[in-house]
Every structure is written in C-alpha cells, then in structure tokens.
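One-letter residues, chain by chain:
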Amino acid sequence: WKALLGTIYAISAFGQLMPLAFSLMLGAAKGSGIAKSVIPYSRLPIVVTSSAALFTFPFVTQLAILVQSIVGTLLTLAGMLILLLGFYAGMKPGLLKAESHEDMRRRYSKLSHLAQASIVISLVLFGVALGTSDLVGALLRLIRNQGISISEEHQEALRSKIVWTIVYAVGAVFGKSLVSTVF
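Residues numbered from 1 in each chain as written. Predicted model: local features only at pLDDT ≥ 70, side-chain atom pairs only at ≥ 80, totals over all residues. Heavy atoms only, no water.

## Describing the overall build of the protein
To be explicit about the condition: Numbering of helices and strands starts at the N terminus; helices are DSSP runs of H or I of at least 4 residues and strands are runs of E of at least 2. A simple rule labels every residue: compare its accessible area, found with a 1.4 Å probe on the protein chains alone, to the largest value its type can have, and call it buried under 20%, exposed over 50%, or partly exposed in between. Residues count as neighbours in contact if any of their non-hydrogen atoms are within 4.5 Å of one another. Residue-level accessible areas treat just the shown protein chains as cover; the underlying method is Shrake-Rupley with a 1.4 Å probe.
Looking only at helices and strands, one finds six helices and zero strands in the protein. The buried share of the protein, reckoned over its 183 residues, is 27%. Taking contacts inside the protein between residues at least 6 apart in sequence as the whole, the part at least 24 apart equals 81%. For the protein, the exposed surface amounts to about 12,200 Å²; the carbon and sulfur share of it is 73%.

Rendered as structure tokens:
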C-alpha cells in the first residue's frame, strides 16, 4: 500500500510540475520568437531560445526517464524520444547567425510542422502502449483481490477530477506561457 500511495503522490506531483515546466519553456520560445521576428538580424533571441531549451531539457529528460522506468516498453521509449524531439523543435533553436525575414519564416515553419507531427506521433504511440499494457489489468485485479469496490458515485467523481486536472494542466501551460512571453 505504501508503494501504491507513493505512486499516487508521484503521479500527482508529475501532473502539477510537468505543465509548469512546459509553460516556461513555451513562454521563453514564444517570447524569443516574437523578438526574432521583430529583429531577425539579432542573435540575442536565438541565445534565449537555445538557453531555454538547454536548461529545461534535463528536467524533461528526467521526467521521461521516470516514466520509462515505471511503465516503459519499446513503444513508450519511442514515444518519449519523439516527444523530446518535438519539444526541442518547438523551441525553434537556430544558429547564431543573422537571417532575413523570409529565411526565418521558412525555418520556423519547418520546425513548427516537425514539432506538431512529433507530438501527434508520440501521443499515438503512448495510446497504443497504454492499450497494450498489462498495468491497468493488474491494477484492476489487485483492487478486486483486496475486496475494494468502487461505487458509481466514486467513478463519476474520479472522472470529473481527471477532466478538471486535464483542463487545469492545459490552462496552466497556455496561460503561463503567455505570461512568460511578456517577461
């Protein structure tokens, strides 16, 4: 029970920290992207973007390793690697060189498409991994063996909590990334 309780707290902390890390990363990327679009010949926005990617990448990698060590399969490993590629591409890193508006627009477009495709592919891989995982079935068997029954009320409350947690996470990512853009 202690391990199960620890896992629940770890998942809760993961759900709280992950959106915050991504929102800061996305805010720095968005802010430097705006600065780069205004002054494309400046190297400073690329330094900010590359620094944000460099300093948040270890945290995101640590979370990926945590997930991989708990429920890892080849599908989750591939999904994590593609997800990391997507977030790195979403930061729109570049070389420290001056570029024209057109070159910058083309580079941003390619990186945006790569980031979006990577995230979609990783979500598909995670869904397949979850669907083929024995973890959910083992958890349900453990609950039944312990004689724990979940009423319809509790199931509805759990569904509502999950939905609100997802809404909160999405709101935190988008809201804080916009605030980070300003600063």
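## Remarks on helix H2 (residues 44–71)
Rules: Expected span of a helix, by definition, is 1.5 Å for each gap between consecutive residues, and there is one gap fewer than residues. Fitting axes to the seven residues that end at a residue and to the seven that start at it, the angle between those axes gives the bend at that residue.
Here H2 spans 40 Å end to end across 28 residues, near enough to the 40 Å set by a 1.5 Å rise per residue. At Phe57, H2 shows its strongest bend, of approximately 35°, with the proline Pro58 following within four residues. Considered for burial, the residues of H2 that qualify are Pro45, Ile46, Thr49, Ala52, Ala53, Thr56, Val60, Leu63 and Ala64.

## Brief notes about the pattern of salt bridges
When the charged atoms of two side chains with opposite charge come close together, those side chains can pair. Worth spelling out the cut-off: Counted as salt bridges are all cases of a side-chain nitrogen of Lys or Arg within 4 Å of a carboxyl oxygen of Asp or Glu.
Applying the stated criterion to the full structure yields four salt bridges. Here Arg106 ties to Glu102 by a salt bridge, and the two come within 3.7 Å at their closest N and O atoms. You can see Arg106 and its partner Glu102 sitting in helix H4 (residues 101–131), four residues apart, about one turn around the helix. Note on Glu102: relative accessible area 37%, which makes it partly exposed.

## Quick word on the side chain of Ser118
On the secondary structure map, Ser118 appears in helix H4. Other than its neighbours up to four places away in sequence, Ser118 contacts Ile82, Leu85 and Gly86.

## Digging into the side chain of Thr76
Turning to its location among the elements, Thr76 is positioned in helix H3 (residues 74–90). By relative accessible area, which is 8% here, Thr76 ends up buried. Setting aside residues no more than four positions away along its own chain, Thr76 makes contact with Gln68, Val71, Phe126 and Ala129.

## What about the packing of H2 against H3?
Just so we agree on the cut-off: For every element, the axis is a line fit to its C-alpha atoms; helices are fit only across the contacting stretch, and the angle between N-to-C directions ranges from 0 to 180 degrees. These descriptions rest on fixed angle ranges, namely under 35 degrees for roughly parallel, over 145 for roughly antiparallel, 65 to 115 for roughly perpendicular, and the rest for oblique. Crossings are classed by handedness, with left-handed meaning an anticlockwise turn of the near helix from the far one by less than a right angle and right-handed meaning a clockwise turn. Three classes are used, and their members are as follows: Ala, Val, Leu, Ile, Met, Phe, Trp, Tyr, Cys and Pro are nonpolar, Asp, Glu, Lys and Arg are charged, and the others, Gly among them, are polar.
Running from N to C, H2 and H3 point in directions that differ by 165°, and their axes come no closer than 10 Å. Taken together, the axes of H2 and H3 lie roughly antiparallel to each other. Once H2 is placed against H3, the crossing between them reads as right-handed. For the pair formed by H2 and H3, the contact residues are Ala53, Phe57, Val60, Thr61, Ala64, Val67, Gln68 and Val71 on the first element and Thr76, Leu77, Met80, Leu84 and Tyr88 on the second. Considering only residue class, the contact of H2 with H3 consists of 10 nonpolar, three polar and no charged.

## Looking at the environment of Leu77
Here Leu77 shows up in helix H3. The exposure class of Leu77 is partly exposed, given its relative accessible area of 36%. The sequence separation of Leu77 and Val67 amounts to 10 residues, and the corresponding C-alpha distance is 9.3 Å.

## What about H4?
Over its 31 residues, H4 runs 45 Å from end to end, which matches the ideal 45 Å to within 8%, given 1.5 Å per residue. Regarding H4, the residues found buried are Met104, Arg107, Tyr108, Leu111, Ala115, Ser118, Ser122, Leu125 and Ala129.

## Observations concerning the packing of H3 against H4
Running from amino to carboxyl end, H3 crosses H4 at an angle of 160°, the nearest separation of the two axes being 8 Å. Here H3 is positioned roughly antiparallel relative to H4, judged by the angle of their axes. Both H3 and H4 take part in a crossing whose hand is left-handed. Of the residues in H4, those in contact with Leu75, Thr76, Ala78, Gly79, Met80, Ile82, Leu83, Leu85, Gly86, Phe87, Ala89 and Gly90 of H3 are Leu111, Leu114, Ala115, Ser118, Ile119, Ile121, Ser122, Leu125, Phe126, Val128 and Ala129. Looking at the contact of H3 with H4 residue by residue, the class counts come to 17 nonpolar, six polar and no charged.

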